[in-house]
Amino acid sequence: SLAISQNHDDGEAYYLLGSMELQEEKLTPAFAHLEAARELLPDYWAVYYHLGLLKQRQDHPAEAVALLERAEHLNPTQADVRTRLAQARAALKN
């Protein structure tokens, strides 16, 4: 991405790239870019939300729960986070 090549400290660019890659099912690069975003934007709920979705897709429910709990803590009014968190907790019990 041009934004990342010009500024390696742009957490928003890493987040956007990672979330796009997640939508395209490119899980390995999505994880790398979302992790970079998490380092640069440690309090941005959407980074944790998308990392949680990625972990759900990888069938890692415990990791998904932890990430989605963090997203919920940072943004308790986001309904999508609560829904995905409930799904991840249900998968953890199975």
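Residues numbered from 1 in each chain as written. Predicted model: local features only at pLDDT ≥ 70, side-chain atom pairs only at ≥ 80, totals over all residues. Heavy atoms only, no water.

**Q** When you look at the overall build of the chain in this model, what are you seeing that I'm missing?
**A** For the chain, the helix and strand inventory stands at six helices and zero strands. Traced from its N-terminal end to its C-terminal end, the chain shows the element sequence α-α-α-α-α-α. Relative to the globule expectation of 12 Å for 94 residues, the C-alpha radius of gyration of the chain, 13 Å, shows essentially globular dimensions. In terms of overall dimensions, the chain has C-alpha extents of about 45 × 25 × 15 Å along its principal axes. Considering the chain as a whole, with its 94 residues, one finds that 38% of them fall into the buried category. Put simply, of all contacts in the chain between residues at least 6 apart along the chain, 46% involve residues at least 24 apart. (Helix = DSSP H or I, 4+ residues; strand = E, 2+ residues; numbered from the N terminus. Rg over C-alpha atoms; globule rule 2.2 N^0.38 Å. Buried < 20%, exposed > 50% of the residue type's maximum accessible area, 1.4 Å probe, protein only. Contact = heavy atoms within 4.5 Å.)

**Q** In this structure, what is going on with the nonpolar core? I would like to understand it.
**A** Across soluble globular proteins, nonpolar side chains have a tendency to be buried as a group. By size, the foremost hydrophobic cluster in this structure holds 23 residues, and its most contacted members are Y15, L22, Y49 and L54. Residue contributions to this core peak at seven residues, all from helix α4 (residues 45-57). Aside from chain neighbours lying at most four places away, what touches Y15 is L34, A37, Y44, A46, V47 and H50. (Core = buried A, V, L, I, M, F, W, Y, C linked by side-chain atoms within 4.5 Å.)

**Q** Before we go on, may I ask you to explain the pattern of salt bridges in this structure?
**A** Any two side chains of opposite charge can pair, on the condition that their charged atoms come close. Scanning all chains against the criterion turns up six salt bridges. Two residues, D43 and R70, come together in a salt bridge whose shortest N-O distance is 3.2 Å. Taken together, the residues D43 in the loop between α3 (27-40) and α4 and R70 in helix α5 (residues 61-74) connect sequence positions 27 residues apart. Among the residues examined, D43 registers a relative accessible area of 56% and is labelled exposed. In this structure, R89 and E69 form a salt bridge, with 2.9 Å as the shortest nitrogen-oxygen distance. In this pair, R89 is assigned in helix α6 (residues 79-93) and E69 in helix α5, connecting sequence segments 20 residues apart. For R89, a relative accessible area of 37% gives the class partly exposed. E69 gets classed as partly exposed once you look at its relative accessible area, which sits at 35%. (Salt bridge = Lys/Arg side-chain N within 4 Å of Asp/Glu carboxyl O.)

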